[in-house]
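Chain residues, written in single-letter form:
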Amino acid sequence: MENQIPAAVQLTENCAHCNTQAKPEDTFCTQCGYPLKGTEAEQNIFISERQVEEIDMFTYNKTLKQAGTTLYYLAGVFILSGLVYFFMHKDEEDVVAVVITDLIMAAMFLVLGAYSKKKPLACLISGLSLYVIVQLLNAIVDPISIARGIIIKIVIIGYMIKGIKSAMEIEKIRKEKHIA
Amino acid sequence: MLSEQHQATEAVHCIQCGASNAVNVKFCSNCGYRQEDPAIDETAHNWQLLKQAALFYGVYIVVCALSSFVDYFKTVGWFLVVEIIGAGTAVLFFTYNWNDYKKQLRWPSFSWQKLAAYGSIAMASNLLIHYISSWINIIIFSRDYYYYSIFAGMPGAAYLIIFFTAITPALFEELGFRGYLLQSLLNIADTGQAVFISAFLFGIIHLNFVSLFWLIPFALFLGYVRVKENTIWYGVFFHFCFNLTACLFELL
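K.L.:
Would you take a moment to explain the overall build of chain B for this structure?
P.N.:
What chain B contains, in helices and strands, is 10 helices and 2 strands. Secondary structure elements of chain B, listed N to C terminal, follow the sequence α-β-β-α-α-α-α-α-α-α-α-α. The 252 residues of chain B split such that 47% are buried. In chain B, the proportion of contacts linking residues at least 24 apart, taken out of those at least 6 apart, comes to 66%. Looking at chain B as shown, the accessible area adds up to about 12,700 Å², and 67% of this sits on carbon and sulfur atoms.

K.L.:
Where do I start with the interface of chain A and chain B in this structure?
P.N.:
Accessible area lost on assembly of the parts is the figure often given for the size of an interface. With 36 residues of chain A in contact, the opposing surface of chain B contributes 38 residues. For the interface between chain A and chain B, the tally reads 0 salt bridges. Across the chain A-chain B interface, the total number found is 5 residue pairs in polar contact (both at pLDDT 80 or more). Of all elements in the fold, only α3 (95–115), α4 (120–141) and α5 (150–177) of chain A reach the threshold of two or more residues within the side of chain A that touches chain B. Ranked by residue count, the leading element in the side of chain A that touches chain B is α4(A), at 11 residues. When the residues that make up the side of chain A that touches chain B are grouped by side-chain class, the tally is 19 nonpolar, 8 polar and 9 charged.

K.L.:
In this structure, what is going on with the confidence of the model for chain B? I would like to understand it.
P.N.:
Caution is warranted with low-pLDDT regions, since their predicted coordinates should not be read in detail. All names here are of chain B. For chain B, per-residue confidence averages 82 on the pLDDT scale, and residues scoring 70 or more make up 87% of the total. The least confident element of chain B, judged by mean pLDDT, is helix α1 (residues 2–9) at 45; the most confident is helix α8 (residues 191–205) at 93. When the criterion is pLDDT under 50, residues 1–8 qualifies, and its contacts beyond four places in sequence or with other chains add up to 2 contacts. Reported confidence for the predicted complex is 0.80 by ipTM and 0.80 by pTM.

K.L.:
Please clarify how the pattern of salt bridges should be interpreted in this entry.
P.N.:
A pair can form between side chains of opposite charge whenever their charged atoms are brought close. By the definition in use, this model includes 4 salt bridges over all chains. For A:Arg148, the salt bridge goes to A:Asp142, with nearest N and O atoms at 3.3 Å. A:Asp142 sits in the partly exposed class, given a relative accessible area of 28%. When the shortest N-O distance is used, the salt bridge between B:Lys228 and B:Glu229 registers 3.5 Å. For B:Glu229, a relative accessible area of 5% puts it in the buried group. By sharing partners, the salt bridges in this structure join B:Lys114, B:Lys228 and B:Glu229 into a single network.

K.L.:
Whenever I open this one, the packing of aromatic side chains confuses me. Can you help?
P.N.:
What characterises a pair of aromatic rings is the spacing of the ring centres plus the angle enclosed by the ring planes. Residue and element names in this part refer to chain B. Per the stated rule, a full pass over the model turns up 32 aromatic pairs over all chains. Ring centres of Phe56 and Phe93 lie 5.4 Å apart, and the angle between their planes is 70°; this geometry places the pair in the edge-to-face category. Of this pair, Phe56 sits in helix α2 (residues 42–69) while Phe93 sits in helix α3 (residues 76–96), and the two are 37 residues apart along the sequence. There is no split in this pair, since Phe56 and Phe93 are both buried. Note on Phe202 and Phe218: the rings are 6.4 Å apart at their centroids and 35° apart in plane angle, and the pair reads as tilted.

K.L.:
Sorry if this is basic, but what is going on with a negative patch on the surface here?
P.N.:
Residue and element names in this part refer to chain A. Residues Asp91, Glu92, Glu93 and Asp94 make up a contiguous surface patch of negative charge. Positionally, Asp94 belongs in the loop between α2 (40–88) and α3. Residue classification places Asp94 among the partly exposed positions, given a relative accessible area of 39%.

K.L.:
Looking at this model, I keep getting lost on helix α9 (residues 212–229) of chain B. Mind explaining?
P.N.:
Along an α-helix, residues three or four positions apart point the same way, because every turn accommodates 3.6 residues. Helix length check: α9(B), at 18 residues, gives a terminal C-alpha distance of 25 Å against a target of 26 Å (1.5 Å per residue), a fit within 8%. Every buried residue of α9(B) is listed here: B:Leu212, B:Trp214, B:Leu215, B:Ile216, B:Phe218, B:Ala219, B:Leu222, B:Gly223, B:Val225, B:Arg226 and B:Glu229. Where the residues of α9(B) are buried, they touch α3 of chain A together with α5 (112–135), α7 (157–188), α8 and α10 (233–251) of chain B.

K.L.:
Teacher, can you tell me more about the nonpolar core here?
P.N.:
Inside soluble globular proteins, nonpolar side chains tend to come together where they are buried. Counting residues in hydrophobic clusters, the biggest one holds 79 residues, and the most contacted among them are A:Phe109 and A:Ile164. The residues touching A:Ile164, leaving out its near neighbours within four places in the chain, are A:Leu121, A:Leu124, A:Ile125, A:Leu128, B:Trp47 and B:Leu50. Formed by 7 residues, the second largest nonpolar core is a distinct cluster that contains A:Ala22, A:Cys29, A:Cys32 and A:Phe46.

K.L.:
Quick question: what am I supposed to make of the side chain of A:Ser166 here?
P.N.:
Residues and elements named next belong to chain A. Tracing the backbone through its elements, the reader meets Ser166 in helix α5. Residue Ser166 is classed as buried on the basis of its relative accessible area, which comes to 5%. Not counting residues within four places of it along the chain, the set of residues in contact with Ser166 comprises Tyr60, Thr63 and Leu64.

Cut-offs and rules
Residues numbered from 1 in each chain as written. Chains lettered and ligands numbered in written order. Predicted model: local features only at pLDDT ≥ 70, side-chain atom pairs only at ≥ 80, totals over all residues. Heavy atoms only, no water. Helix = DSSP H or I, 4+ residues; strand = E, 2+ residues; numbered from the N terminus. Buried < 20%, exposed > 50% of the residue type's maximum accessible area, 1.4 Å probe, protein only. Contact = heavy atoms within 4.5 Å. Areas by Shrake-Rupley, 256 points an atom, 1.4 Å probe, with all protein chains shown as cover. Salt bridge = Lys/Arg side-chain N within 4 Å of Asp/Glu carboxyl O. Polar contact = N/O pair within 3.5 Å; in protein donor to acceptor, adjacent residues only side chain to side chain. Nonpolar A, V, L, I, M, F, W, Y, C, P; charged D, E, K, R; others polar. pLDDT = per-residue confidence, 0-100. Phe/Tyr/Trp six-rings, centres within 6.5 Å; stacked < 30°, edge-to-face > 60°. Patch = residues over 30% accessible without salt bridge, like charges linked within 9 Å, V, L, I, M, F, W, Y side chains within 5 Å. Lys, Arg positive; Asp, Glu negative; His and termini not counted. Charge placed at Lys NZ, Arg CZ, Asp CG, Glu CD. Expected span 1.5 Å × (residues − 1). Core = buried A, V, L, I, M, F, W, Y, C linked by side-chain atoms within 4.5 Å.

In structure tokens form, the structure reads like this:
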């Protein structure tokens, strides 16, 4: 219906999508790309595409949150294994060194988890690298250890890789929209 | 004010249809094409860069882990092989991206004062770390002790030790981690995150938990210097002075 209104009248208005003032000669909004002179169908397609982008943003944020939770989970695993080791090997000489190492690891994963909302890329890449190194060192000391809980390990790594990918997508969408 | 007006009247041509637009538009007023092209479709490219960086880091992890935890590799021959693989990886990945990365090899604002300043900061911080470490009674250079034992009794051992603890790490670690890795990360993340990631990865690759307390700040500083000065050479010199001080401590 609005399409029937002569172009000259419509053009003095603001963009229907982002409310930026449009110049009479503009076919598209220069701020958001909305087809000012397009048909209703074109305008609807534009709006639905933007909504899809928002839904994408929602899924990306969800995977990001899962990856952050994975970091917390790892911190918990290290605290737990430190405690278990302490009570099983109480009398051995190197027990303190092992427990302290476990606690330092747990602390690092906790910090990375806590900052994963603010700086997702940095925390997830660091966390993933740390996890892979620990697994590799375990495998060198005890080759069978790599097979232990392999499914959980793959799931953990998968979550973090998906998180890194989502963080990059979010960064891209932010750049496009110029929300710094 | 005058420059703003000047900018507003200046026109740019749409990268898609060639129609002229005002400078600050995000979409072409004629065809609706997005004008800030650098951000678009970069994710695929960035993912590629990240995978490449992961491969680089993977090689380093495997080599470092094997050489420091498997006794079989603790011989002079394997030591040289490890050094060559490390240096080769850094050079290979850097030259693979040569066109985008070569400008860090320039030294645009060379100054003796800065060089001297970085050198003295390096030596001072090494002294500080040395005293803190001996105070809390921790062996920080466990890997370097292993260097000393490997070369002990060889002719010119002191020179070999200086070469392998001060010169080659300064050159190739800087080229690999500050030259290649940090530059890749700068394309992917913002500056702060990129510097942090490169520092964290550099810290944990040394596979020594206790050293992390100084390795990460050390690498953060090097990353910051690399970004600020836009050249890897101040970092190389800083790293060289730092390692040399540590080395002289052991030799003298």
